[in-house]
Amino acid sequence: MKLRLMTFLALCLVLLACALTNVLFPERLANAQAKPAQNSAAPAAAKSSAPRAVSDLNQLMRSILFNNANVIFFAQNEDPAAVKRDAKPSGATDPLAGVYGGWAAEENSAMALAEAANLLNLPDRMCSNGKTAPVNDPEWQKYVEGLRAAGLAAYQAAQTKNMDKMLDASDQVGTACLNCHDRFRQRTRCE
Ligand code: HEC
């Protein structure tokens, strides 16, 4: 009984000390309470920088796929190494004539196409008709992978600086575009 009373008193002392700490050092309490809030803010911050579509599908095609595919197609019958650099290559608007020009431009455009496959997978991409792009359709995913593979094949071909290899890679890129267009770029758009 005596022991119980002692234990009870000790417990009271501890509780009192805790309460006093909070009274004497209110900022400690504030910090302790702020912690969970900070933790729950972290996923929200990650979410705000999560990948999300900015343009519609047509705009994505015009801004990234069209231009970069043309750089690849160029090497089918013209030598990228023979392209004259701009007078001011750091300001060149033609990638083939810039500081990263010639074969480097072929490599870069190939990478852009392979990387664009990721953009074609974003779930919130809209089509020009206002409908969501059919990114969950298994066929769509197959064609996206076709584009990624074609981009990587073009990259490998560009590294060899061999125009015959670029001819094959261009064919693979063109086929990757056409496969998806045949199926999904109908009169009704994206269907
Ligand atoms: C996974 C499917 C897919 C792939 C791969 C694809 N496209 Fe497209 N593309 C579409 C669809 C769907 C549209 C129509 C989009 C719309 O109406 O919003 C389109 C539209 C276009 C347009 C028309 C833009 C306009 O202003 O009308 C161009 C140009 C284009 N694509 C170029 C390419 C090129 C070049 C490639 C290959 C390097 C390619 N696309 C690969 C699905 C694809």
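Quick caveat: nothing in here was measured; it's all calculated off a predicted structure.

Draft legend 1. Expanded view of the overall build of the chain. When you go through the chain residue by residue, the secondary structure sums to six helices and zero strands. Element order for the chain, N to C, with α for helix and β for strand: α-α-α-α-α-α. A burial count over the chain gives 21% of its 191 residues as buried. Sequence separation of at least 24 residues holds for 64% of the intrachain contacts in the chain that already meet a minimum separation of 6.

Draft legend 2. Representation of the nonpolar core in the model. I72, L113, L147, A154 and V173 are the most contacted members of the largest nonpolar core, which totals 26 residues. Where this core is concerned, the elements lending two or more residues are helix 3 (57-74), helix 4 (103-119), helix 5 (138-160) and helix 6 (163-184). Take this core: its biggest share by element is eight residues, from helix 5. Other than its neighbours up to four places away in sequence, L147 contacts L113, A116, A117, L120 and A176.

Draft legend 3. Highlighting the packing of helix 5 against helix 6. It is the contact of helix 5 with helix 6, at a shortest axis distance of 8 Å, that shows an interaxial angle of 165 degrees. With respect to helix 6, the axis of helix 5 lies roughly antiparallel. Like other packed secondary-structure pairs, helix 5 and helix 6 cross with a definite hand, here left-handed. Here E139, W140, Y143, G146, L147, A150, A153, A154, A157, A158 and T160 of helix 5 come into contact with helix 6, specifically with K165, M166, D168, A169, Q172, V173, A176, N179, C180, R183 and F184. Residue composition of the contact of helix 5 with helix 6, by class: 14 nonpolar, four polar and four charged.

Draft legend 4. Representation of the site of the ligand in the model. Neighbouring the ligand are 25 residues, the closest being L57, M61, S128, C177 and C180. Here the residues of the shell around the ligand are counted per class, giving 18 nonpolar, three polar and four charged.

Draft legend 5. Molecular detail of the packing of helix 3 against helix 4. Where helix 3 meets helix 4, the closest approach of the two axes is 8 Å, and the angle between their N-to-C directions is 145 degrees. You can see that helix 3 and helix 4 cross each other, and the crossing is left-handed. Contact residues: L60, I64, L65, N68, A69, V71 and I72 in helix 3; A105, E106, S109, A110, A112, L113, A116 and L119 in helix 4. Tallied by class, the residues present in the contact of helix 3 with helix 4 amount to 12 nonpolar, two polar and one charged.

Draft legend 6. View of helix 5. An ideal rise of 1.5 Å per residue puts 33 Å on 23 residues; helix 5 measures up with 33 Å between its terminal C-alpha atoms. Listed in full, the buried residues belonging to helix 5 are Y143, L147, A150, G151, A153, A154, Y155, A157 and A158. Those residues of helix 5 that are buried are in contact with helix 3, helix 4 and helix 6. Positive backbone phi, at 55 degrees, marks K161, one or two positions downstream of helix 5.

Draft legend 7. Quick look at helix 3. For helix 3, built from 18 residues, the straight-helix expectation of 26 Å at 1.5 Å per residue is met to within 8% by its first-to-last C-alpha distance of 24 Å. Listing the buried residues of helix 3 in full gives L57, L65, N68, A69, V71, I72 and F74.

Draft legend 8. Representation of the confidence of the model for the chain. The predicted model of the chain averages 84 in pLDDT, with 74% of residues at 70 or higher. Counting interchain partners and residues more than four positions distant, the pLDDT-below-50 stretch residues 11-41 has three contacts.

Draft legend 9. Inspection of the environment of A75 at higher detail. Within the secondary structure, A75 sits in the loop between helix 3 and helix 4. For the pair A75 and N162, spaced 87 residues apart in the sequence, the C-alpha separation amounts to 9.1 Å. In contact with A75, other than residues within four places in its own chain, are P80, E106, M163, M166 and S170.

Draft legend 10. Looking closely at the environment of Q76. By the secondary structure assignment, Q76 is in the loop between helix 3 and helix 4. Beyond its immediate stretch of four places on either side in the chain, Q76 contacts M166, L167 and S170.

Definitions and cut-offs
- Residues numbered from 1 in each chain as written.
- Predicted model: local features only at pLDDT ≥ 70, side-chain atom pairs only at ≥ 80, totals over all residues.
- Helix = DSSP H or I, 4+ residues; strand = E, 2+ residues; numbered from the N terminus.
- Buried ≥ 20, exposed ≤ 12 C-beta atoms within 10 Å, placed from the backbone.
- Contact = placed C-beta atoms within 7 Å.
- Core = buried A, V, L, I, M, F, W, Y, C linked by C-beta atoms within 7 Å.
- Axes fitted to C-alpha atoms, helices over the stretch in contact; angles between N-to-C directions.
- Parallel < 35°, antiparallel > 145°, perpendicular 65-115°, else oblique.
- Left-handed = near helix turned anticlockwise from the far one by under 90°.
- Nonpolar A, V, L, I, M, F, W, Y, C, P; charged D, E, K, R; others polar.
- Near = placed C-beta within 6 Å.
- Expected span 1.5 Å × (residues − 1).
- pLDDT = per-residue confidence, 0-100.

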